[in-house]
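Fold and geometry: a report
Take a look at the letters that make up each chain.
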Amino acid sequence: DPTDNVIYTFTARAYDTAGNASPIFIQAVSIVTRPLIINEVAWAGTSASRSSGEWIELFNPTAYTITLASITLKSLTDTGPVIPLSGTLNPHAFYLIERGIDGKTISDIDADINIPFSSSLANTGEVLALQIGSTTIDRTPSLNACPGPWCGGGAGDAYPPYLTMERFDPYAAGDDPTNWSSWNVNVTLQNGLNEDGISISGTPGKRNSISYLLKKDSTELTQSRTLTTTMSPYIIYGASRIPPGVTLAIEPGVVIKFASHASLYVDGILTAEGTDAHPIIFTSLNDDTDGGDTNGNASSTTPAAGDWTGIRINENDSLFTHTRFRYAGYAVLLDSTYLASLRVENAAISITDSTFEYSLRYGMFLVNTEGDITRNTFQDNTEAGVYIQDGDIVFSNNISRRNRYGLFLISHNESHEMTIEENTFMDNREDAITVTLARASFASNTAQGNGT
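Source: prediction; values computed, not measured.

Another point: the overall build of the protein chain. From N to C terminus, the protein chain includes zero helices and 40 strands. Viewed in the frame of its principal axes, the protein chain has a C-alpha envelope of about 80 × 80 × 35 Å. When burial is assessed residue by residue, the protein chain has 49% of its 452 residues classed as buried. Here the analysis covers contacts within the protein chain between residues at least 6 apart in sequence; of these, 53% occur between residues at least 24 apart. As presented, the protein chain carries roughly 19,400 Å² of accessible surface, and 49% of it is formed by carbon and sulfur atoms. With 26 positive and 51 negative side-chain charges, the protein chain shows a spacing of 2 Å between the two charge centroids.

Here is the structure:
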């Protein structure tokens, strides 16, 4: 079956009876079954005094401008609302429907259409649908499909109160109850003020908070997933985890931002294969260099070493190529679980053409690891650019500069062999290379401007 929002290219050539060929004809076709989706619903209003301040957000997930005149938003479970849409909607743009005649349900965002107060949403649950004629192109889950009356959101008894129901994946089916949840207070992404100037617990007119996450309502990824450039950037908060048997694959060009002191613990498999033109970025939520101003606070915060903790890979093989790590290295006092942008233990690893910079401790920390570390740059890290303890590592054609130590080697097992060749160590504040009990062979390395 064809996949939504994917461009398929068809080629054809005609031949006559003599075998003469025509020029090749090329036609690109995109399949779009959901040109408009229901994206967010504030079914309980915006506060205790504004419980009638309901609103619905629609979204165009396609790369095309769509005409709305033939589309109607309606309830399939009671007599209201029935809302004929109008106008056009640009690619990846939002369409805001507010309940009220003054257009001030959300005081600082203009509605695209206002509906009467008589068209209320039932707190006991409804099924909303977008229809072209009698054909439904998108809808919310059936009644009783979710644990509550709706598949997310809440009224005054929720925490925080009066939060919205958000869609997790705009490219997945709307009637799937697992594709919805509540606005996530941990991500701290909000937008809009209600009629009293109170911040809305939702994201009207902007990307949903839960769509940034690895999993919509948990820090543990329970099913294998691929992070795509279409949905980039992503946000990781708290102590997130990939458990055994689960794979997280990351497409080239994806940006992953970590909230304050956030970390990713990998007991499963992580593959990050970027390209020279489209590297994969792991950085702080305060870093606007890649992925834009994700936290929406302009220049009020700036990234710094130790903003986030790091990624730890344990026992399973992983691959990194054309990746960039920035501003990690935070560690709780006396806790050496991470200490580095990337820490790998008891695993095989391949890391090529990547950059590790601005860590509060180490750029990379390897313990009992085997594999190749090739053509990488380790720079501006507070401690060592690279720390290697035990393991069988080939460390070649790397640059380590402006760290405290360029490379730190230590071994407790004479059976391990480390190969250090054709690397450059520049302007490190202390040793270019520190060796403690390690069995290592060195060839064709260059060092200049280091403390030692």
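Text resumes after the structure shown.
Turning our eyes to something else, we now look at the nonpolar core. The biggest cluster of nonpolar side chains holds 48 residues, and the ones touching the most others in it are I250, F282, I311, F320, L342 and F395. Sequence-distant contacts of I311, that is, excluding residues within four places in its chain, are made with F258, L264, V266, L270, F282, F325, Y338, A340, S341, L342 and R343. Counting residues in each nonpolar core, the second largest holds 30 residues, with I38, I97, L130 and W150 among its members.

The next thing to look at is the environment of A277. Residue placement: A277 occurs in the loop between strand 21 (269–273) and strand 22 (280–284). With relative accessibility at 62%, the residue A277 sits in the exposed group. In the structure, A277 is positioned 170 residues away from A447 in sequence and 29 Å away in space, judged by C-alpha atoms.

Moving on, we come to the packing of aromatic side chains. Counting across every chain of the model gives 15 aromatic pairs. Geometrically, the ring pair formed by Y327 and Y358 is stacked, given 5.1 Å between the ring centres and 10 degrees between the ring planes. One end of the pair, Y327, is in the loop between strand 25 (323–326) and strand 26 (340–345); the other, Y358, is in the loop between strand 28 (355–357) and strand 29 (362–367), with 31 residues separating them in the sequence. Put simply, the rings of F282, F320, F325, F356, F378 and F395 pair up and form one aromatic cluster.

The next point concerns the pairing of strand 36 (residues 418–421). Moving residue by residue along a regular strand, the side chains alternate between the two faces of the sheet. Side chains M418 and I420 project from strand 36 onto a buried face, and the interleaved T419 and E421 project onto a face without burial. Across three bridges, the pairing between strand 33 (residues 392–396) and strand 36 is parallel. When the sheet's bridge partners are listed, F395 is paired in strand 36 with I420. With four bridges connecting them, strand 36 and strand 39 (residues 440–443) associate as parallel partners. Opposite I420, over in strand 39, you have F442 as the bridge partner.

Moving on, we come to the environment of N186. Here N186 is to be found in the loop between strand 14 (180–182) and strand 15 (225–227). Exposure remark for N186: the relative accessible area of 45% places this residue in the partly exposed category. Expressed as a C-alpha distance, the spacing of N186 and Y237, which sit 51 residues apart in the sequence, is 7.3 Å.

The antiparallel open sheet is built from four strands, whose spatial order is 7-6-11-12. If you trace the sheet from one side to the other, it starts and ends with strand 7 (82–84) and strand 12 (135–139), each paired once. Direction aside, the axes of adjacent strands within the sheet are offset by 25 degrees on average. Note: strand 11 (residues 128–132) against strand 12, four bridges, orientation antiparallel. Directly across from I132, in strand 12, lies its bridge partner T135.

A few words now on the environment of P279. Mapped onto the secondary structure, P279 falls in the loop between strand 21 and strand 22. Owing to a relative accessible area of 15%, P279 belongs among the buried residues under this scheme.

Looking now at the pattern of salt bridges. Applying the stated criterion across every chain yields a total of 18 salt bridges. The partner of R50 in a salt bridge is D196, with the nearest N and O atoms 2.9 Å apart. On the criterion of sequence distance, the pair formed by R50 in the loop between strand 3 (37–42) and strand 4 (55–59) and D196 in the loop between strand 14 and strand 15 is long-range, its members being 146 residues apart. One salt bridge connects D287 with R326, and the closest N-O pair in it is separated by 3.0 Å. Placement of D287 in the loop between strand 22 and strand 23 (310–314) and of R326 in strand 25 is noted, with a sequence separation of 39 residues between them. Judged by its relative accessible area of 8%, R326 falls in the buried class. Here the residues in one salt-bridge network are D287, D290, R326 and E357, joined through shared partners.

What counts, and at which threshold
- Residues numbered from 1 in each chain as written.
- Predicted model: local features only at pLDDT ≥ 70, side-chain atom pairs only at ≥ 80, totals over all residues.
- Heavy atoms only, no water.
- Helix = DSSP H or I, 4+ residues; strand = E, 2+ residues; numbered from the N terminus.
- Buried < 20%, exposed > 50% of the residue type's maximum accessible area, 1.4 Å probe, protein only.
- Contact = heavy atoms within 4.5 Å.
- Areas by Shrake-Rupley, 256 points an atom, 1.4 Å probe, with all protein chains shown as cover.
- Lys, Arg positive; Asp, Glu negative; His and termini not counted.
- Charge placed at Lys NZ, Arg CZ, Asp CG, Glu CD.
- Core = buried A, V, L, I, M, F, W, Y, C linked by side-chain atoms within 4.5 Å.
- Phe/Tyr/Trp six-rings, centres within 6.5 Å; stacked < 30°, edge-to-face > 60°.
- Pairing = 2+ DSSP bridges.
- Axes fitted to C-alpha atoms, helices over the stretch in contact; angles between N-to-C directions.
- Salt bridge = Lys/Arg side-chain N within 4 Å of Asp/Glu carboxyl O.

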